[in-house]
Amino acid sequence: MILAFMPARSLRLAAAFAIPLCAASFVSAAETSDPLADALEIEGMTFVASAGRENDAIVEAERASFERSDRVAHLTTVHARVGKAAGAATASAGGLDLQCERGSFDLASGDLTAEGNVRGVTEDGRRFETQHLVYRRSTGRVSTRSPVVIHDGFGTARGAGFEYWIRENRFRLIGGASVEQGS
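What you are looking at is a predicted structure, and each value in this text was computed from that prediction instead of being measured.

### Some thoughts on the overall build of the chain
On a plain count of helices and strands, the chain comes out with 1 helix and 13 strands. For the chain, the α and β elements follow one another from N to C terminus as β-α-β-β-β-β-β-β-β-β-β-β-β-β. Among the 183 residues that make up the chain, the fraction classed as buried is 43%. Of the roughly 9,900 Å² that the chain leaves accessible, carbon and sulfur atoms contribute 52%.

### Let's talk about the confidence of the model for the chain
Mean pLDDT over the chain: 78, with 75% of residues reaching 70 or higher. The model gives residues 1-32 a pLDDT under 50, and that stretch makes 46 contacts with residues more than four places away or in other chains.

### Comments concerning the nonpolar core
The tendency in soluble globular proteins is for nonpolar side chains to be buried side by side. Within the largest apolar cluster, 34 residues are counted, with the highest numbers of intra-cluster contacts made by Phe47, Phe66, Leu75, Leu98, Phe128 and Phe162. Those elements that provide at least two residues to this core are β2 (39-51), β3 (54-67), β4 (72-83), β5 (95-106), β6 (112-122), β7 (127-136), β9 (148-152) and β11 (161-165).

### Points about the packing of aromatic side chains
Given two aromatic rings, their pairing is described by the distance between the two centres and the angle made by the two planes. Applying the stated rule across the entire model yields 5 aromatic pairs. An angle of 50° between the planes, with centres 5.9 Å apart, marks the rings of Tyr164 and Phe171 as tilted. Each member of the pair, Tyr164 as well as Phe171, carries the same accessibility label: buried. Taken together, the ring pairs in this structure connect Phe128, Phe162, Tyr164 and Phe171 into an aromatic cluster. Stacked on the ring of Trp165, the Lys or Arg Arg170 has its end atom at 4.1 Å from the ring centre.

### Considering the environment of Val82
In this fold, Val82 is placed in strand β4. On the basis of relative accessibility, which here comes to 3%, the residue Val82 falls in the buried class. For the pair formed by Val82 and Arg167, sequence separation is 85 residues and the distance between their alpha carbons is 9.9 Å. Excluding its chain neighbours within four sequence positions, the residues that come into contact with Val82 are Asp56, Ala57, Gly94, Gly95, Leu96, Tyr135 and Ile166.

### Details of unusual backbone geometry
Positive phi, close to 50°, is recorded for Thr77, a residue that is not glycine. Inspection of the secondary structure assignment puts Thr77 in strand β4. Judged by its relative accessible area of 43%, Thr77 falls in the partly exposed class. For Asn169, which is not a glycine, the phi torsion comes out positive at approximately 55°.

### Re the pattern of salt bridges
The final tally for this structure, using the stated rule, is 10 salt bridges. Across the pair Asp124 and Arg126 runs a salt bridge whose closest N-O atoms are separated by 2.9 Å. Put simply, Glu163 and Arg172 hold a salt bridge, and the shortest N to O gap is 2.5 Å. Residue class for Glu163 comes out buried when judged on its relative accessible area of 6%. A cluster of three or more residues bridged by salt bridges with shared partners is formed by Glu101, Arg102 and Glu115.

Cut-off values and rules
- Residues numbered from 1 in each chain as written.
- Predicted model: local features only at pLDDT ≥ 70, side-chain atom pairs only at ≥ 80, totals over all residues.
- Heavy atoms only, no water.
- Helix = DSSP H or I, 4+ residues; strand = E, 2+ residues; numbered from the N terminus.
- Buried < 20%, exposed > 50% of the residue type's maximum accessible area, 1.4 Å probe, protein only.
- Areas by Shrake-Rupley, 256 points an atom, 1.4 Å probe, with all protein chains shown as cover.
- pLDDT = per-residue confidence, 0-100.
- Contact = heavy atoms within 4.5 Å.
- Core = buried A, V, L, I, M, F, W, Y, C linked by side-chain atoms within 4.5 Å.
- Phe/Tyr/Trp six-rings, centres within 6.5 Å; stacked < 30°, edge-to-face > 60°.
- Lys NZ or Arg CZ within 6 Å of the ring centre and 35° of its normal.
- Salt bridge = Lys/Arg side-chain N within 4 Å of Asp/Glu carboxyl O.

Shown next as C-alpha cells:
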C-alpha cells in the first residue's frame, strides 16, 4: 500500500483517497474490549513528501502504526531518501539516504525522526552513524545532538552532533569534534 504525502492544499484530496483504502483495516474499540483497537498497523508502508512534481522525501518502513487521532506514523525498519536521493532535481543541491531501526513520520509536516542505529550517506559521499536524527522538511535541515561518527574521503570525524542543510549541501559538525586523517 502506498500513501502519498502532499502539500497541505492537496492533503484533503489525498486523504479522501487514502481513507477508503485504510478503513477496512481499522477495528473499532466498540467492537472489541481492546482499547488499542483504534490503531492501524500496516506492513510495507511508503510515504512520499512532494513539492510540485518533485519528491522532497521518500520514507519506507517495514511496519507502520497509527492511532486514529494521531497525525504521526510510528515506523520500524526505516529507509529514507531526502533531496536528490529522493529524486529532487532542481530544488536541492544535496541529498541524504539513511536507514534506522525505528522512527516517526509526521503526516502533516513531512518531518522525520530517526532512532536506533541511524546510518546514512550524504549526496557528496559522507557516511555517518548516530543514534538519533531529525529531518525538518520545511527547512530542509537534518540534525542530531547525539554522538556521531562521519567517514569521508579525508578521514574520520567524531563529534557531539551535526547539522546538514540538504538544499545547500552544507554540512557542519557540532561540538567536541575530532578528526583522524585517512592514510
